[in-house]
Amino acid sequence: EYGTMWLMEYITDWNQSITSLDLSSNEIPADGAKHIAKMLSNPKCNITDLNLSSNRITSEGAEALAKSLETNTSLATLDLSYATITDDGLVALCDAFSSNKTLQTLLLSGNKFGLKARKSWQERLGWPIKEGGIDGSCTLNIETLDFIPLIAPLF
């Protein structure tokens, strides 16, 4: 957690030339995601590509990241695959994704799309949820409005 905090402060305060950051598979917890969200909220942030896949972000961390997307104007790609995010975090990300003007790709494979999250994505963005549901294995690309789910039973 402290490592994440220090890295985010360094990027924000001293190295704004970084545009791509891969922090995948670092066991970053929700508190670490909050530090990342703080960096993303900073107007000095120039990160366009952020990979947080295979971490322990959880819904609490996803909600913080979603809030940061309300003001972030640089991020184009966010990978949150296999980040142990459940419904509340996925709903918050849906809200952020639908209102953010720069985020083009949001990767959410391997998270737990329950009924609440699936309905939220369908209602807010108008993308169909196919019969049988999805397991969170999807790629969303706002440029082409692709919604490519891998079909799997809910149970």
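Relevant structure appears above.
Every value quoted in this text rests on a predicted model; they were computed, and no experiment measured them.

Q: How should a nonpolar patch on the surface be read in this particular structure?
A: There is a patch of nonpolar side chains on the surface, built from Leu7, Tyr10 and Trp14 and spanning about 370 Å² of accessible area. If you trace the backbone, Leu7 turns up in helix H1 (residues 2–13). The exposure class assigned to Leu7 is partly exposed, which follows from its relative accessible area of 30%.

Q: Can you walk me through the packing of helix H3 (residues 58–68) against helix H4 (residues 87–99) in this structure?
A: Each packed pair of helices is defined by two parameters, the angle between the axes and the distance between the axes. The geometry of H3 relative to H4 is characterised by a closest axis approach of 7 Å and an angle of 10° between their N-to-C directions. As summarised for this structure, H3 and H4 are arranged roughly parallel, according to the angle between their axes. Counted together, Ser59, Ala62, Glu63 and Ala66 of H3 and Asp87, Asp88, Gly89, Ala92, Leu93 and Ala96 of H4 form the full contact between these two elements.

Q: Mind showing me how you'd approach the packing of H4 against helix H5 (residues 115–125) here?
A: Across the interface, H4 lies against H5 with an axial gap of 8 Å and an inter-helix angle of 10°. Accordingly, the angle class assigned to the pair H4 and H5 is roughly parallel. Where H4 abuts H5, its residues Asp87, Asp88, Leu90, Val91, Leu93, Cys94, Asp95, Phe97 and Ser98 lie against Leu115, Lys116, Ala117, Ser120, Trp121, Arg124 and Leu125. Partitioning the contact of H4 with H5 into residue classes produces nine nonpolar, two polar and five charged.

Q: Is there a simple way to think about H3 in this case?
A: Spacing of three or four residues puts side chains on the same side of an α-helix, whose turn is 3.6 residues. Restricting attention to buried positions, one finds in H3 the residues Ser59, Gly61, Ala62, Ala64, Leu65, Ala66 and Ser68. Where H3 is buried, its residues contact helix H2 (30–41) and H4.

Q: Just to check I follow, could you spell out the environment of Asp79 for this structure?
A: For Asp79, the position within the fold is in strand S3 (residues 77–79). Residue classification places Asp79 among the buried positions, given a relative accessible area of 13%. Distance in space between the C-alpha atoms of Asp79 and Asp49 is 8.3 Å, their sequence separation being 30 residues. Leaving out residues up to four positions away in the same chain, Asp79 has contacts with Leu50, Asn51, Leu52, Ser53 and Leu107. In terms of polar contacts, Asp79 uses its side chain to reach the side chain of Ser81, at 2.7 Å.

Q: Quick question: what am I supposed to make of the pattern of salt bridges here?
A: Oppositely charged side chains are able to pair whenever their charged atoms sit close together. Overall, the coordinates contain four salt bridges when judged by the stated rule. Residue Lys34 pairs with Glu60 through a salt bridge whose shortest N-O separation is 2.5 Å. With Lys34 in helix H2 and Glu60 in helix H3, this residue pair connects regions lying 26 residues apart in the sequence. For Lys34, a relative accessible area of 34% gives the class partly exposed. Across the pair Lys67 and Glu70 runs a salt bridge, and its minimum N-O distance is 3.5 Å. Looking at Lys67, the relative accessible area reads 56%, which means it is exposed. The structure contains a network of salt bridges with shared partners spanning Asp31, Lys34 and Glu60.

Conventions we followed
- Residues numbered from 1 in each chain as written.
- Predicted model: local features only at pLDDT ≥ 70, side-chain atom pairs only at ≥ 80, totals over all residues.
- Heavy atoms only, no water.
- Patch = residues over 30% accessible without salt bridge, like charges linked within 9 Å, V, L, I, M, F, W, Y side chains within 5 Å.
- Areas by Shrake-Rupley, 256 points an atom, 1.4 Å probe, with all protein chains shown as cover.
- Salt bridge = Lys/Arg side-chain N within 4 Å of Asp/Glu carboxyl O.
- Helix = DSSP H or I, 4+ residues; strand = E, 2+ residues; numbered from the N terminus.
- Buried < 20%, exposed > 50% of the residue type's maximum accessible area, 1.4 Å probe, protein only.
- Axes fitted to C-alpha atoms, helices over the stretch in contact; angles between N-to-C directions.
- Parallel < 35°, antiparallel > 145°, perpendicular 65-115°, else oblique.
- Contact = heavy atoms within 4.5 Å.
- Nonpolar A, V, L, I, M, F, W, Y, C, P; charged D, E, K, R; others polar.
- Polar contact = N/O pair within 3.5 Å; in protein donor to acceptor, adjacent residues only side chain to side chain.

Treat this as a map of the structure, not an account of what it does.
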